[in-house]
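An overview of the molecular structure
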Amino acid sequence: MATVDPRQISDLFDTIAPRYDQLNDLLSLGLHRLWKRQALLWLRPSPGQRLLDLCCGTGDLALLLASRVRPGGLVLGLDAAAAPLAIAQRRAERQPWLPLQWQQGDALATGLADGWADGAVMAYGLRNLADPAAGLAELRRLLRAGARAVVLDFNRPDSASAPATFQRFYLRRLVVPAARAVGLPDQYAWLEESLARFPTGPVQEELACAAGFAAARHRPLAGGLMGLLELQA
């Protein structure tokens, strides 16, 4: 199975960044916003907290979090790719009252202090890391004891199951053709390849516990198409 080249992943997201939000809305029928809000129900952001959005992309979750940590809080959005971060920064400039900072960096080696965050999110990032287990270990390191984190991503159901059959149909017959229409077929074909190497929900739970999390629960969403990994340090 092919390994992930971090530079290629950054280049991929730099390429798709201008169309990323538009395609997310189209391909999920806007449901990605509901899934992100379900992630926040677990995280329970509150005023004064210092929160981290790893692999923040164009900033959807960071903006939501920042609206909930006022007054006195802070949200740091970190991503390896420059183009999505630039879009996130422009979006944040339209709401200058939100307590947001942005940083280009590696989710496997953020450079932040141990226990820096009161909570963290990662949406559609763990699957694209070169080493998901190392990503979970870095996430745990960044959290204070007792803090919550949540990872939202595609689910990897059993290959013979109905959810897996639907997922293949969705990716091959809907996602890639829609991406082809805007000139990005190869970039979105990567989704299925990345899923083939992504740990299943139960394995994600095991990796999280091995990384030092006190509790880990993986919960399928959208009929098994997506998954939510709920973590407590």
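The chain appears in an unreviewed UniProt entry as 2-phytyl-1,4-naphtoquinone methyltransferase from Cyanobium gracile UHCC 0139. UniProt annotates the chain under Function (unreviewed entry) with the comment "Methyltransferase required for the conversion of 2-phytyl-1,4-beta-naphthoquinol to phylloquinol." What UniProt records for the chain under Pathway (unreviewed entry) is the sentence "Cofactor biosynthesis; phylloquinone biosynthesis."

The next subject is the pairing of strand β7 (residues 226-232). Along β7, 6 of the 7 residues are buried, which leaves the element largely enclosed by surrounding structure. Strand direction decides the pairing type here: strand β5 (residues 143-154) and β7, joined by 7 bridges, are antiparallel. From the neighbouring strand, Val 150 faces β7, where its bridge partner is Glu 230. Connecting strand β6 (residues 215-221) to the next strand, β7, in antiparallel fashion are 4 residues, including Ala 222 with a positive phi near 55°.

The next subject is the nonpolar core. Residues Leu 52, Leu 100, Leu 139, Leu 143 and Leu 231 are the most contacted members of the largest nonpolar core, which totals 68 residues. Ranked by residues supplied to this core, first place goes to β5 with 7 residues. Ignoring sequence-local partners within four residues, the contact set of Leu 143 consists of Gly 115, Ala 117, Gly 119, Ala 120, Arg 148, Ala 149, Phe 213 and Ala 233.

Basis of the calculations
- Residues numbered from 1 in each chain as written.
- Predicted model: local features only at pLDDT ≥ 70, side-chain atom pairs only at ≥ 80, totals over all residues.
- Heavy atoms only, no water.
- UniProt positions renumbered as here; feature names shortened; annotations may be inferred.
- Buried < 20%, exposed > 50% of the residue type's maximum accessible area, 1.4 Å probe, protein only.
- Helix = DSSP H or I, 4+ residues; strand = E, 2+ residues; numbered from the N terminus.
- Pairing = 2+ DSSP bridges.
- Core = buried A, V, L, I, M, F, W, Y, C linked by side-chain atoms within 4.5 Å.
- Contact = heavy atoms within 4.5 Å.

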